[in-house]
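Chain and residue survey
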Amino acid sequence: DLSFLNAPEKPAGKRGFLKAQKDTLVFEDGTAVRFWGTSLTAYTLFGTSKAGVKQQARRLSELGFNLVRLVHHDSPWVDPNIFGDQKSQDTQKLSSAMLEKLDWWIKCLKDEGIYIWLDLHVGRHLKAGDRIDGLEEIARGRPSSELTGYNYVNASIRQAMMRFNEAYVNRGNIYTNAAYKDEPAIVAMLITNENDLTHHL
């Protein structure tokens, strides 16, 4: 049980926001930090019971982790995902029920002294209701399309990503009363994941 390593950080974020100081990561109070992280993905984020989330947050601390990345919240193979169920015709609206589940993960991890890395885009597929310029060409006959790579040449995709980011990070966590952008326990946000013009596309 390595949870004693996280005990001084409870609750995560009490030292203020993280910043880079030359080659060192430090909190606002001047405390230097190193991270040992892991990921929570997809069905784990949205399908774990409240009691299970609390138990797993404790277990992650016992394993010595002080950073957890929340990933594949937007991927189409996850049903439901951050947009709700896959029957929806667009990815314009965030599901309040799924956001609440993420809120609970963040609160429980924070209570254990574990910091959060929040992904903003991983696998989102755009649909007809998203009003994306040229989607029929991009989707090539499929009902939806990845935005990976295309966002660099398509302004309407960039705008869709920005709308998501704004809605996601400005919403208040119902358990901590802090918007994700104002939560010092969230030490990193990944704007876009594996999004390049050559290898993945």
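Scroll up a little and you will see the structure.
Residues numbered from 1 in each chain as written. Predicted model: local features only at pLDDT ≥ 70, side-chain atom pairs only at ≥ 80, totals over all residues. Heavy atoms only, no water.

If you trace the 4 strands from one edge of the open sheet to the other, you get β4-β5-β6-β9, paired in parallel fashion. At either margin of the open sheet sits one strand with a lone partner, and together these are β4 (37-41) and β9 (186-190). The average undirected angle you get between the axes of adjacent strands in this sheet is 25°. As judged from the 5 bridges shared by β4 and strand β5 (residues 67-71), these two strands associate in the parallel manner. Bridge pairing in β5 places Ser39 opposite Arg69. Running at roughly 175° to β5, helix α3 (residues 96-111) makes contact with β4, β5, β6 (115-119) and β9 of the sheet. (Pairing = 2+ DSSP bridges. Helix = DSSP H or I, 4+ residues; strand = E, 2+ residues; numbered from the N terminus. Axes fitted to C-alpha atoms, helices over the stretch in contact; angles between N-to-C directions. Contact = heavy atoms within 4.5 Å.)

Before going further, it helps to spend a moment on the pairing of strand β2 (residues 24-27). Alignment of strand β1 (residues 18-21) against β2, held across 4 bridges, turns out to be antiparallel. For Ala20, the partnering residue across the bridge sits in β2 and is Leu25. Linking β1 to β2, which pair antiparallel, is a turn of 2 residues; within it Lys22 sits at a positive phi near 55°. Pairing of β2 with strand β3 (residues 32-33), which is carried by 2 bridges, proceeds in the antiparallel orientation. Bridged to Val26 within β3 is Ala32. Hairpin geometry of β2 and β3 is characterised by an intervening segment of 4 residues between the two adjacent antiparallel strands and by a positive phi of about 95° at Gly30.

In short, geometric facts, not functional conclusions.
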